[in-house]
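Residue strings, one per chain:
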Amino acid sequence: MDLVQLAIEQRGDLVIARVSGELDLAGAPSTGDAIGEAVPTSARTLVVDFTGLEFIDSSGIAMLFNLARRLGARRQDLRVVARGGGPVSRVLEIVEFNRAAPVYETLDEALTHVSPDGA
């Protein structure tokens, strides 16, 4: 049984991937593949929302760095949402993930930095 849940929402040229539960070796590879496949080349930005995520391990972090590389190669933006002070945001700070992609504390905050429909 998967401990990680994934919900994908597309809004124009923006894709939001909500990841909740626990992201570890059991679920990270398939979750990363599912998110990658859900982002069309026409999308400009992917927001990975970890607000509902309680746990992330090194395989989840590796999945994020792989997404950042993959999107960067396609000139697409990646933004990550993690509640400030929570265990997930702490891990992201430790690995300095913000050097690969910006990390926001709320989904609204991440979305305000996205220009709508290529404007």
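Residues numbered from 1 in each chain as written. Predicted model: local features only at pLDDT ≥ 70, side-chain atom pairs only at ≥ 80, totals over all residues. Heavy atoms only, no water.

Observations regarding helix 3 (residues 87–94)
Then comes step 1: For helix 3, the set of buried residues is Val-88, Ser-89 and Leu-92. For helix 3, the angular spread of the buried residues around the axis is 95°, confining them to a single face. More than 90 degrees from the buried face of helix 3, the exposed residues found are Pro-87 and Ile-94.
Then comes step 2: The inward-facing, buried residues of helix 3 contact strand 4 (53–56), helix 2 (58–73), strand 5 (77–81) and strand 6 (103–104).
Then comes step 3: Positive backbone phi, approximately 55°, marks Glu-96, located one or two places after helix 3. (Buried < 20%, exposed > 50% of the residue type's maximum accessible area, 1.4 Å probe, protein only. Helix = DSSP H or I, 4+ residues; strand = E, 2+ residues; numbered from the N terminus. Arc of directions from axis to C-beta. Contact = heavy atoms within 4.5 Å.)

Quick notes on the environment of Pro-29
Then comes step 1: Residue placement: Pro-29 occurs in helix 1 (residues 28–38).
Then comes step 2: Pro-29 gets classed as partly exposed once you look at its relative accessible area, which sits at 47%.

Quick look at helix 2
Then comes step 1: Taking 1.5 Å as the rise per residue, helix 2 with 16 residues should run 22 Å; its terminal C-alpha atoms sit 23 Å apart, in good agreement.
Then comes step 2: If you check which residues of helix 2 are buried, you get Ser-59, Gly-60, Ile-61, Met-63, Leu-64, Leu-67, Ala-68 and Leu-71.
Then comes step 3: On the buried face of helix 2, the contacting elements are strand 2 (14–23), helix 1, strand 3 (45–49), strand 4, strand 5 and helix 3.
Then comes step 4: After helix 2 finishes, the residue Arg-75 shows a positive phi value of roughly 55°. (Expected span 1.5 Å × (residues − 1).)

Some thoughts on the pairing of strand 5
Then comes step 1: When you tally the buried positions in strand 5, you get 4 out of 5 residues, the bulk of the element.
Then comes step 2: Pairing of strand 3 with strand 5, which is carried by 5 bridges, proceeds in the parallel orientation. Looking across to strand 5, one finds that Val-48 is bridged to Val-80. (Pairing = 2+ DSSP bridges.)

Quick notes on the packing of helix 1 against helix 2
If you want to describe how two helices pack, look at the angle between their axes and the distance between the axes.
Then comes step 1: At a minimum axis separation of 9 Å, helix 1 and helix 2 run at an interaxial angle of 25°. In terms of orientation, helix 1 lies roughly parallel with respect to helix 2. Of the two possible hands of crossing, helix 1 and helix 2 adopt the one that is right-handed. Facing helix 1, whose interface residues are Ala-28, Thr-31, Gly-32, Ile-35, Gly-36 and Glu-37, helix 2 presents Ser-59, Gly-60, Met-63, Leu-67 and Arg-70. (Axes fitted to C-alpha atoms, helices over the stretch in contact; angles between N-to-C directions. Parallel < 35°, antiparallel > 145°, perpendicular 65-115°, else oblique. Left-handed = near helix turned anticlockwise from the far one by under 90°.)

Re the nonpolar core
Then comes step 1: Membership of the largest hydrophobic core comes to 27 residues, with the highest contact counts inside it found for Leu-23, Leu-46, Phe-50 and Leu-78.
Then comes step 2: The element contributing the most residues to this core is helix 2, with 6 residues.
Then comes step 3: Every residue in contact with Leu-23, bar those within four places of it in the chain, is listed here: Val-4, Ala-28, Thr-31, Phe-50, Leu-53, Phe-55, Ile-56, Asp-57, Gly-60 and Met-63.
Then comes step 4: Among the nonpolar cores identified, the runner-up in size contains 9 residues, and Ile-16, Val-81, Leu-111 and Val-114 belong to it. (Core = buried A, V, L, I, M, F, W, Y, C linked by side-chain atoms within 4.5 Å.)

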